[in-house]
2 protein chains.
Amino acid sequence: MKTKKLERLQSAGWKVGNTEDFLQLSDEEARLVALKLSLTSAVKKSRIKRKLSQIDLAQRMKSSQSRIAKIEAGDPSVSLDLIVRALIASGATTRDIQVAFTTN
Amino acid sequence: MKTKKLERLQSAGWKVGNTEDFLQLSDEEARLVALKLSLTSAVKKSRIKRKLSQIDLAQRMKSSQSRIAKIEAGDPSVSLDLIVRALIASGATTRDIQVAFTTN
DNA sequence: TCAGTATATGTCAATAATGACATATTTGCA
DNA sequence: TGCAAATATGTCATTATTGACATATACTGA
């Protein structure tokens, strides 16, 4: 069931809400979260593939190691902008990004 | 040349920077901006296709009409998160999103 | 033309995301 | 094992993004 998935996300720290519009928003939110998660794993994959440490990647995109760690950990505080920036900075091609989008 | 493109983006209000790391970051920034722009036009396309007004879409995603206008106008203050949320809320399929990503 | 509807633009207080930092934990290898 | 490099986690002041609002402008049909 879909509830399982939401529980997982919620326990991971994602705000999924539980008011009367829970069912309304949950689907869209879940899609967004799923998309984010698939992109974050793409970041890690791309970074490893290019043999970059988190510090290396952080320097490339003028961020910090802890931020990169949070990106890859799927931390809810990380924006989609930052995730995609990381993807690009890690050397991912447009195709790689598309694939990441596909795999959600 | 690439400079032309950056000038266009800059004049549209995008911070593209002009310090010594201009050339370093410009490529990645430009890719991100291009991606955002292609997604914003996908939002408009999807919204129109479903015959939704900006107010309709705003209500669906609990945002405001002015925000939707800014999304579609490619306003630099709009995050990728919000753009993708709008895409999803407008009824775009995962495929639609992929296509938007492809067309950049 | 005009009225009604839709969209655009500017502003701002509230909120969310950020880099930086300290520090904890894990990993890999001699 | 033990050391060093890498990664993870928590916190916080600064900065970016947000919805809401007012209002301007564009569009459409009568």
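Now for a look at the structure at hand. (Residues numbered from 1 in each chain as written. Chains lettered and ligands numbered in written order. Predicted model: local features only at pLDDT ≥ 70, side-chain atom pairs only at ≥ 80, totals over all residues. Heavy atoms only, no water.)

**Comments concerning the protein's contact with DNA strand D**
Where we set the bar: Nearness of a residue to a molecule or strand requires only that one of the residue's heavy atoms be within 4 Å of it. We define a polar contact as two N or O atoms separated by no more than 3.5 Å, with the added condition that, inside protein, one atom must be a possible hydrogen donor and the other a possible acceptor, whereas residues neighbouring each other in sequence contribute only through side-chain atom pairs. Strands here are runs of E lasting at least two residues and helices are runs of H or I lasting at least four, both read from the DSSP assignment and numbered beginning at the N terminus. Residues are grouped as follows: nonpolar covers Ala, Val, Leu, Ile, Met, Phe, Trp, Tyr, Cys and Pro; charged covers Asp, Glu, Lys and Arg; every other residue, Gly included, is treated as polar.
Of all residues adjacent to DNA strand D, which total 19 residues, the nearest are A:Q54, B:S63, B:S66, B:R67 and B:S79. A:R47 is positioned with one of its side-chain polar atoms (N or O) 3.0 Å from a phosphate oxygen of DNA strand D. Here B:S63 contributes a side-chain N or O atom positioned 2.8 Å from a phosphate oxygen of DNA strand D. In terms of residue count, the dominant contributor to the surface near DNA strand D is helix α4 (residues 65–73) of chain A (4 residues). Within the surface near DNA strand D, the residues separate by chemical class into 3 nonpolar, 9 polar and 7 charged.

**Things to note about the interface of chain A and chain B**
The condition that has to hold: Residue contacts are counted whenever heavy atoms from the two residues lie within 4.5 Å of one another. Accessible-area loss on putting two parts together, using a 1.4 Å probe and summing over both, is the definition of buried area adopted here. Salt bridge, as used here, is a side-chain nitrogen of Lys or Arg placed within 4 Å of a carboxyl oxygen of Asp or Glu.
Contacts between chain A and chain B engage 25 residues on the former and 25 residues on the latter. Carbon and sulfur atoms make up 56% of the surface buried where chain A meets chain B, a total of about 2200 Å² over both sides. Taken together, the links from chain A to chain B amount to 4 salt bridges. B:E29 is the partner of A:R85 in a salt bridge, and the nearest nitrogen-oxygen pair spans 3.4 Å. Linking chain A with chain B are 9 residue pairs in polar contact (both at pLDDT 80 or more). Every element with two or more residues in the side of chain A that touches chain B is listed here: α2 (22–49), α5 (80–89) and α6 (94–102) of chain A. When residues in the side of chain A that touches chain B are grouped by element, the largest group, 7 residues, is from α2(A). When the residues that make up the side of chain A that touches chain B are grouped by side-chain class, the tally is 10 nonpolar, 6 polar and 9 charged.

**Description of the relation of the copies chain A and chain B**
Our working definition: Superposition of the copies was done by least squares, using only C-alpha atoms of residues whose pLDDT is at least 70 in both.
Note on the identical chains: chain A maps onto chain B by a rotation of 180° and an axial translation of 0.0 Å, with an RMSD of 0.0 Å. The superposition operator between the copies reduces to a two-fold rotation axis. A share of 100% of the interface residues of chain A reappears at the interface of chain B, consistent with the copies meeting face to face through the same patch.

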